[in-house]
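Report on the structure
Letter by letter, the chains look like this.
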Amino acid sequence: MDKDLQSIAAARAAAAKAFAAYRSFLGTDPSHIDAMVDAMARAIEPEAERLGRLAVEETGYGNIPDKRVKNLFNALSVAEWLRDITTLGVLWRDERAKIAAIGEPMGVVAALIPVTNPTSTIIYKVLSAVKAGNAIVCAPHPRGIGCGMETVRVMAEVAEGMGAPKGLIQCLDQVTIEGTAELMRHRRTSVVMATGGPAMVRAAYSSGKPTLAVGAGNVPCYVHASKAGQLAEVAEQIITSKCFDFGTACVSEQAVVADAAITRELRHEMKLAGAYFMTRAEADRLAQVIFQGRQAMDPANVGQSPQALAEKAGFSLPPRIRCLVSEEHEIGWQRPLSAEKLNPVLAFYEARDSAAGITMAESIAKFEGWGHTAVIHADDPTVVAEYSRLPVGRVLVNTPGIMGGMGFSTDLEPSFMLGTGTWSGSITSDNVTALHLINIKRVAWENRPWRDIYEVYGG
């Protein structure tokens, strides 16, 4: 049997098994589900580094220390947030309006898992799906099957030990595009959670099933002149965020736009923080390494260290470099490094004033990043308000892109799935959580005489 047929058969079997498990799981006491979610999160904690190592070894993307942090964030911070929310049963009552809202599971979740975050995304999606009373089948990238299956095994064993039916939490062990498509459109699948590249997202929305999907993130980071005197901290935030796990997070900064008055000092502080500003020739050679052509990143060079990238591009680096920076003047595919780069590589622009800086940041967001995220470093609330006009789902103020966007350094909902709204064809601009994986039933009592309709409207 060829690989597509094997994957299709595996997807069908998993969906059927998940549906049976979901039906068996229905009616489980929400307090017991909460205990199950907590137990799964605790089980991940001592395994976070091992799972991160498996992810790096299998995919070749990112680095182990940051994969470990991603795993722990999704296990501990996500679980802590889930502990305080209600997803099942009575969500709220309005005694005056005589309406109550009741949360019910959606059913079987088909969870598409990206190769850039193959373990942390599973942790987040499994905890969220089970908290909402659903079954979940994870469809990893073919290069992340092994680490994905191991992550699911750790969590499923804990849940099943607490009474969850077998099949409630699954991971496909044979994955092709056709098999993943079959999982998404299977009659037992209720909702699709799609995290991945543009082709995967388009396939998810074409599956005929309700879909939560996210788009690409070309995140602009505008540094306003009001941050003069604080640029060392700004530079450290930008470099740390962009280089986290070698740039594999789409919410990390992609381009820095700095006011002319502070450009020289910011450039200096970024160098002290580990940035290497490339020559034009070096940047052009690097672009050929990162991109195979227009709108096509070379998958072999995603999530690589700056040293590995520089070596492939044919130039050497000083010691302790964390990030590569290309000084740019144009935005568009004529300058590929102005696009999203899933690597520790930044574009850098100078703006004559705040109006020009905001306009430039907006152009960057619209180029390959509509709807995702924008970052601003500014102490002028008027400038922050003006910047907030950008067509993005979240504007992060005076905080690193990845830590702020995923809900660690801000009070956004902790999530590893950041909606990009209708700007990029997504159904939501929220940080997606378990609350997006329930149906909400309204129970409404008569609150005014029904016959009054004829007095109000005549007849």
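1. Some words on the nonpolar core
- Counting residues in each nonpolar core, the largest one holds 77 residues, and the members touching the most others are Met40, Val126, Leu127, Val130, Cys138 and Ile169.
- For Cys138, the contacting residues outside a window of four places in its chain are Ala111, Ile113, Ile122, Val126, Val152, Gln170, Cys171 and Leu172.
- In terms of nonpolar packing, the next biggest core, distinct from the first, is built from 23 residues, Leu231, Val234, Ile262 and Val325 among them.

2. Quick notes on helix H4 (residues 64–83)
- When the terminal C-alpha atoms of H4 are compared, their 28 Å separation across 20 residues agrees well with the 28 Å that a helix rising 1.5 Å per residue should span.
- By the largest-angle criterion, Phe73 marks the main kink of H4, which is about 25 degrees.
- Buried within H4 we find Asp66, Lys67, Lys70, Asn71, Leu72, Phe73, Asn74, Ala75, Val78, Ala79 and Leu82.
- Packed against the buried residues of H4 are helix H2 (30–44), helix H3 (48–59), helix H5 (120–131) and helix H9 (231–243).
- Looking at where H4 begins, the residue whose side-chain oxygen comes 3.0 Å from the main-chain nitrogen of Asp66 is Asn63.

3. Details of the layout of surface pockets
- Space inside the second largest pocket adds up to approximately 340 Å³.
- Forming the walls of the second largest pocket are 17 residues, and the residues nearest its centre are Lys17, Val152, Ile169, Gln170 and Cys171.
- Mapped by element, the contributors of at least two residues to the lining of the second largest pocket are helix H1 (3–25), helix H6 (145–161) and strand S5 (169–171).
- Among the elements that make up the lining of the second largest pocket, the one with the highest residue count is H6 (six residues).
- Per-class residue counts for the lining of the second largest pocket are nine nonpolar, two polar and six charged.

4. Observations concerning the pattern of salt bridges
- Applying the stated criterion across every chain, the model contains 20 salt bridges.
- Asp245 serves as the salt-bridge partner of Lys70, at 2.8 Å between the closest nitrogen and oxygen. Residue Lys70 is found in helix H4, and its partner Asp245 is found in the loop between H9 and strand S9 (253–259); the two are separated by 175 residues along the sequence. There is no split in this pair, since Lys70 and Asp245 are both buried.
- Across the pair Glu104 and Lys441 runs a salt bridge, and its minimum N-O distance is 2.7 Å. Within this pair, whereas Glu104 is found in strand S2 (residues 99–105), its partner Lys441 is found in strand S17 (residues 438–444), the two being separated by 337 residues in sequence.
- Given the relative accessible area of 31%, Glu104 is considered partly exposed.
- Judged by its relative accessible area of 40%, Lys441 falls in the partly exposed class.

Conventions adopted
- Residues numbered from 1 in each chain as written.
- Predicted model: local features only at pLDDT ≥ 70, side-chain atom pairs only at ≥ 80, totals over all residues.
- Heavy atoms only, no water.
- Core = buried A, V, L, I, M, F, W, Y, C linked by side-chain atoms within 4.5 Å.
- Buried < 20%, exposed > 50% of the residue type's maximum accessible area, 1.4 Å probe, protein only.
- Contact = heavy atoms within 4.5 Å.
- Helix = DSSP H or I, 4+ residues; strand = E, 2+ residues; numbered from the N terminus.
- Expected span 1.5 Å × (residues − 1).
- Bend = angle between axes of the 7 residues up to and from the residue.
- Polar contact = N/O pair within 3.5 Å; in protein donor to acceptor, adjacent residues only side chain to side chain.
- 1 Å grid on protein atoms, 1.4 Å probe; cavity = no way out; pocket = protein on both sides within 12 Å on 5 of 7 lines; lining within 4 Å.
- Points joined across faces, edges and corners; volume = space filled by probe spheres on them.
- Nonpolar A, V, L, I, M, F, W, Y, C, P; charged D, E, K, R; others polar.
- Salt bridge = Lys/Arg side-chain N within 4 Å of Asp/Glu carboxyl O.

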